[in-house]
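Topology and contacts: notes
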Amino acid sequence: MDRTDPTEMLERAIHLAIANVGDGEQPFAALVRLPGGEVVEGVNRILTDHDPTAHAEIVALRAACAQVGAAQLPGAVLFSSCEPCTMCLAAALWAGVDEVVFAAGRADAARAGFGDEAVHDYFARPGHHALLPTAQHRHADAVAPFEEWARLSAGH
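Residues numbered from 1 in each chain as written. Predicted model: local features only at pLDDT ≥ 70, side-chain atom pairs only at ≥ 80, totals over all residues. Heavy atoms only, no water.

Pairing is mixed across the open sheet formed by four strands, whose spatial order is 2-1-3-4. Edge positions in the sheet fall to strand 2 (39-43) and strand 4 (99-104), since each of these pairs with one other strand and no more. For this sheet the average axis-to-axis angle between neighbouring strands, irrespective of direction, equals 15°. Alignment of strand 3 (residues 77-82) against strand 4, held across five bridges, turns out to be parallel. Across the sheet, the residue bridging to Phe79 is Val101, located in strand 4. Each of strand 1 (29-33), strand 2 and strand 3 touches helix 3 (residues 56-68); the most contacted strand, strand 2, lies at about 145° to it. (Pairing = 2+ DSSP bridges. Helix = DSSP H or I, 4+ residues; strand = E, 2+ residues; numbered from the N terminus. Axes fitted to C-alpha atoms, helices over the stretch in contact; angles between N-to-C directions. Contact = heavy atoms within 4.5 Å.)

Attention shifts here to the pattern of salt bridges. As enumerated under the stated definition, the model contains six salt bridges in all. We note a salt bridge from Arg106 to Glu117, for which the minimum N-O separation is 3.4 Å. On the criterion of sequence distance, the pair formed by Arg106 in helix 5 (residues 106-111) and Glu117 in helix 6 (residues 117-124) is long-range, its members being 11 residues apart. In this structure Arg106 comes out as partly exposed when scored by relative accessible area, which is 28%. Taken together, the shared-partner salt bridges connect Glu83, Arg106 and Glu117 into one network. (Salt bridge = Lys/Arg side-chain N within 4 Å of Asp/Glu carboxyl O. Buried < 20%, exposed > 50% of the residue type's maximum accessible area, 1.4 Å probe, protein only.)

Okay, here's the thing in structure tokens:
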């Protein structure tokens, strides 16, 4: 885990977030520092791209993965101008980054109108799905894609 002073990286993320507001977007930015020291930047593009998943952290992780040519980023650190939402934290976990460091907290974002407590609560209370009901309907061919994956992977 990287324990260097994150001040410079967070200052860059904050600067990018402020500039993003000037560009008509939301006030979020993120940086991925790769193990070799290269830095990949991302800003929220939700409004521009009409994409609810285009959070700064996701944009930065996608760009970093494209740069290294892999879906995993071991040794990388994700820096964000604000505490990542659950989607972005999950993406950081999937990417295998070593650490996530952020400047503002989710309460700061909520005061500005970017509250995501309902989403945090959704995941904090297993089985409580009033916000978004989910149900499994077991189809006869439900595991067929996994069986095909296993069949094709066995030859590699």
